[in-house]
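What follows is each chain in one-letter form.
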Amino acid sequence: MYWLSKPPYLRRAAAVLILLAALAWEIRPVSQERRPFLAVGVNAGAGVTSDQIDWREVPVGVLPELAEPSGTFVADFSVGTPLVASMLAAEPAMPDGWWGIEVPVPAGTSAGTDVRLVVDVRQEPRVIAGLVIRIVGEDSFDGLTALVAVPESEVGAAAAALADGSLRTVVGGR
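Residues numbered from 1 in each chain as written. Predicted model: local features only at pLDDT ≥ 70, side-chain atom pairs only at ≥ 80, totals over all residues. Heavy atoms only, no water.

Visitor: Where do I start with the overall build of the chain in this structure?
Guide: Looking only at helices and strands, one finds three helices and nine strands in the chain. Along the chain direction, N to C, the helices and strands of the chain fall in the order α-α-β-β-β-β-β-β-β-β-α-β. Its C-alpha atoms give the chain a radius of gyration of 28 Å, more than 25% over the compact-globule value 16 Å for 174 residues. Oriented by its inertia axes, the alpha-carbon framework of the chain measures out at about 105 × 25 × 25 Å. Expressed as a percentage of its 174 residues, the buried residues of the chain come to 30%. (Helix = DSSP H or I, 4+ residues; strand = E, 2+ residues; numbered from the N terminus. Rg over C-alpha atoms; globule rule 2.2 N^0.38 Å. Buried < 20%, exposed > 50% of the residue type's maximum accessible area, 1.4 Å probe, protein only.)

Here's what the structure looks like:
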């Protein structure tokens, strides 16, 4: 027990060195990078817009890279949530020869959903196939507003029915 009888200078010096190393590690400069966070709460099916995103500085490597967020949200997310690729689904492309029209759709409808637009033209109902491209309006008592792609040959009838209030949107099950 020779080393216990003398004052523990080496142990004290080692403890001070460990504390100094920990302090240096803690106050070292950390590289930062910009990552997107949600500035507002969003609903499933809503398209990504620049006013929904707040870019913040975070330490390098904390969040995966997401250069330019685009698409639609796959679920509801709250304010302050970091935006990552798994939260987004690609918007369906507008089919060739189809045109987009903003129409009311039932609550819970999301991008990529097949819909049927029921047009009441002079008491002769007609059904037009459509595809939801993106949700453009907020959820309200009446449902959502969505950009729906319709065939070019049917866009006039859909727009006229929308203008006179006789257009109804129907969503089917799979």
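Visitor: Please explain the packing of aromatic side chains as it appears in this structure.
Guide: Where two aromatic rings form a pair, the distance of their centres and the angle of their planes describe that pair. Applying the stated criterion to the full structure yields one aromatic pair. For Arg-28, the ring lying beneath its charged end belongs to Trp-25, and the centroid distance is 4.0 Å. Sitting above the plane of the Phe-37 ring, Arg-56 keeps its charged end 4.6 Å from the centroid. (Phe/Tyr/Trp six-rings, centres within 6.5 Å; stacked < 30°, edge-to-face > 60°. Lys NZ or Arg CZ within 6 Å of the ring centre and 35° of its normal.)

Visitor: So what exactly am I meant to see when it comes to the nonpolar core here?
Guide: Judged by nonpolar contacts, the single largest core of 17 residues is most densely connected at Val-103, Leu-117, Ile-128 and Val-148. Looking at this core, the elements with two or more residues in it are strand E5 (98–105), strand E6 (114–121), strand E7 (124–135), strand E8 (144–151) and helix H3 (155–164). In terms of residue count, E8 provides more of this core than any other element does, four residues in total. Among the nonpolar cores identified, the runner-up in size contains 10 residues, and Leu-38, Val-42, Leu-66 and Met-87 belong to it. (Core = buried A, V, L, I, M, F, W, Y, C linked by side-chain atoms within 4.5 Å.)

Visitor: Before we go on, may I ask you to explain a nonpolar patch on the surface in this structure?
Guide: Together, Val-16, Leu-17, Leu-20, Leu-23 and Ile-27 make up an exposed nonpolar region whose accessible area comes to about 520 Å². Examined against the element boundaries, Leu-17 turns out to sit in helix H2 (residues 9–27). A relative accessible area of 59% means that Leu-17 is categorised as exposed. (Patch = residues over 30% accessible without salt bridge, like charges linked within 9 Å, V, L, I, M, F, W, Y side chains within 5 Å. Areas by Shrake-Rupley, 256 points an atom, 1.4 Å probe, with all protein chains shown as cover. Salt bridge = Lys/Arg side-chain N within 4 Å of Asp/Glu carboxyl O.)

Visitor: Quick question: what am I supposed to make of H3 here?
Guide: Each α-helix turn comprises 3.6 residues. Residues three or four places apart therefore point the same way. Taken together, the buried positions of H3 are occupied by Ala-157, Ala-158 and Ala-161. Viewed end-on, H3 has its buried residues packed into an arc of 100°, placing them on one side of the element. (Arc of directions from axis to C-beta.)

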